[in-house]
Amino acid sequence: MVGDVSIISWGFLVGLAVAALVAWVGWRVLRGRRYRSAAYLVLAVAMLLSSATAATVVNRHFSYLPVFHDVVSVVDGGSDWARYTEVANAPPYVVLAHHPGGVVVHLAVADRGSGFGPTRALVYLPPQYFSQPHRRFAVTYLFHGSPGVPSDWFHGGAAATVGRRLAMHGDPVILVSPPMSAGWLDDPECVDGIREKVETHFLRDVIPAVDDTLRTVPNRAARAVAGMSAGGYCALNLGLRNRDVVGTIVDMSGFTQPTHDEGLAALFGTGPAADDAIEANTPAEYVAALSRAPTERIWFDCGSEDRQVLSEMRSVVPVLRADGIDTRLVVRPGGHTFRVWRPALADSMAWAAPGLVAAADGNVR
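Residues numbered from 1 in each chain as written. Predicted model: local features only at pLDDT ≥ 70, side-chain atom pairs only at ≥ 80, totals over all residues. Heavy atoms only, no water.

Participant: Any chance you could explain the sheet that holds strand β9 (residues 326–332) here in plain terms?
Facilitator: Hydrogen bonds between backbone atoms are what pair the strands of a sheet, whose relative direction is either parallel or antiparallel. The strand order across the open sheet built from 9 strands is β1-β2-β3-β5-β4-β6-β7-β8-β9, with neighbouring strands paired in mixed fashion. A single partner strand is all that each edge strand has here, and the edge strands are β1 (82–83) and β9. Bridge count for strand β4 (residues 138–143) against strand β5 (residues 173–177) is 4 bridges, and the pairing is parallel. Within β5, the residue paired with Val139 across the bridge is Ile174. Contacts from helix α15 (residues 338–362) reach β4, β5, β6 (223–228), β7 (248–252), β8 (297–303) and β9 within the one sheet, and its direction differs from that of β8 by about 170°. (Pairing = 2+ DSSP bridges. Helix = DSSP H or I, 4+ residues; strand = E, 2+ residues; numbered from the N terminus. Contact = heavy atoms within 4.5 Å. Axes fitted to C-alpha atoms, helices over the stretch in contact; angles between N-to-C directions.)

Participant: Can you help me understand helix α10 (residues 230–241) in this one?
Facilitator: With 12 residues, α10 extends 16 Å from end C-alpha to end C-alpha; this agrees with the ideal 16 Å at 1.5 Å per step. Taking burial as the measure, the 12 residues of α10 include 11 buried ones, the bulk of the element. (Expected span 1.5 Å × (residues − 1). Buried < 20%, exposed > 50% of the residue type's maximum accessible area, 1.4 Å probe, protein only.)

Participant: Just to check I follow, could you spell out unusual backbone geometry for this structure?
Facilitator: What is expected of a backbone is that most residues other than glycine have negative phi and most peptide bonds are trans. The step from Ser146 to Pro147 runs through a cis peptide bond, and the omega angle for that step is 0°. Along the chain, Pro147 falls in the loop between β4 and α7 (152–155). Cis peptide bonds are those with omega within 30 degrees of zero, and the linkage from Ala293 to Pro294 qualifies with -5°. Secondary-structure assignment places Pro294 in the loop between α13 (283–286) and β8. Positive phi, normally seen in glycine, also occurs at Ala158, with a value near 50°. One non-glycine residue, Ser253, lies in positive phi territory at about 60°. The topology assignment puts Ser253 in the loop between β7 and α11 (265–268).

Participant: What is the right way to read the pairing of β8 from this model?
Facilitator: The side chains of a regular strand alternate between both faces of the sheet. Among the 7 residues that make up β8, 7 are buried, leaving the element largely enclosed by the rest of the structure. One ladder, built from 5 bridges, connects β7 with β8; its direction is parallel. The partner of Ile249 across the bridge, within β8, is Ile298. Pairing analysis gives 7 bridges linking β8 to β9, with the strands arranged parallel. Across the sheet, residue Phe300 finds its bridge partner in β9, namely Leu329. Each parallel crossover has a hand, and for β8 linked through helix α14 (residues 307–322) to β9 it is right-handed. (Right-handed = clockwise from strand over helix to strand, strands pointing away.)

Participant: Quick question: what am I supposed to make of the environment of Gly239 here?
Facilitator: Turning to its location among the elements, Gly239 is positioned in helix α10. For the pair Gly239 and Ile298, spaced 59 residues apart in the sequence, the C-alpha separation amounts to 9.2 Å. The contacts of Gly239, once residues within four sequence positions are left out, are Val225, Cys234, Val246, Ile249 and Glu296.

Participant: How should the packing of aromatic side chains be read in this particular structure?
Facilitator: For any pair of aromatic rings, geometry is given as the distance between the ring centres together with the angle between the planes. In this structure the tally under the stated criterion is 8 aromatic pairs. Look at Trp153 and Phe338: their rings are 6.3 Å apart centre to centre, the planes differ by 90°, and that puts the pair in the edge-to-face class. Here Trp153 is found in helix α7, whereas its partner Phe338 is found in helix α15, with 185 residues between them in sequence. Per residue, the accessibility class of Trp153 equals that of Phe338, and both read buried. Taking the centre distance of 5.1 Å and the plane angle of 80° together, the rings of Phe338 and Trp341 count as edge-to-face. (Phe/Tyr/Trp six-rings, centres within 6.5 Å; stacked < 30°, edge-to-face > 60°.)

Here it is in structure tokens:
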């Protein structure tokens, strides 16, 4: 299928580069022979192909949009993803006929007092959600990085593919990617800062919207948070700060302290209260004081070339283990890209899902 064609392969990149080179040569030839109209048309094509080649080089490095369908989805705003109400009101056999491996939908998230405003989360529902209408399911929340949006996990992160694989192996989990910033370039670090109350948004808006609308098991043992880059810090910090809400954490390439291009004062303000807030949102500082209960599981995952992040992770892992927290650290080849995060999500969910599903099926608290 055309939608499955890789646009980050060497073949695609070389093909684009060759086409751009041919167009530039054609422009020079036509310009020299004074075919002005045709020359300008070929020039426009040459510039377009050159821009596409440069974009493909960047895309290949980060592996952000692996296949052609991902590009189409970004351009059309993900219009091929239905609203949850559309699949909820359809007969289950119809949904399964069109989406035998599960379906990705938009879920409305109302502002319940956080001040964040109404938003929409992306949700993967496994096929068992429709074939077993009385069953309730565990949930994993996927946090995007900065810059970033929820759909990143369903493009570069291949979250739906991970969800389908889990469902095929008997570990169906609902995957939810909520908006954790006001915009693509916004970087609130998932904290309750002076501009946005993102932690409150997650706890007061997102989780209740998911638990009230979907058939979930609303307890910590059946709930996980996972994220990459800034979203990895978000998962670690939110998960550790709210251990009564979250039982499993997956941190992919996330720092163990908040970072911001404009400095932490832009997040927390200044003064004693701001200093307290910074300390309270710096896992590297507060992990040593964590109590042993309630228990948690944490999976750290990082590329070997991501040296600063890896160094910070290696510093907190032994401290967390001393606190009695089940902690794993996986280092894989690569840097700060989806070439690390895509397999990291697959491996971490294969580790986390059986426990989450067991908790959901047994309603373990």
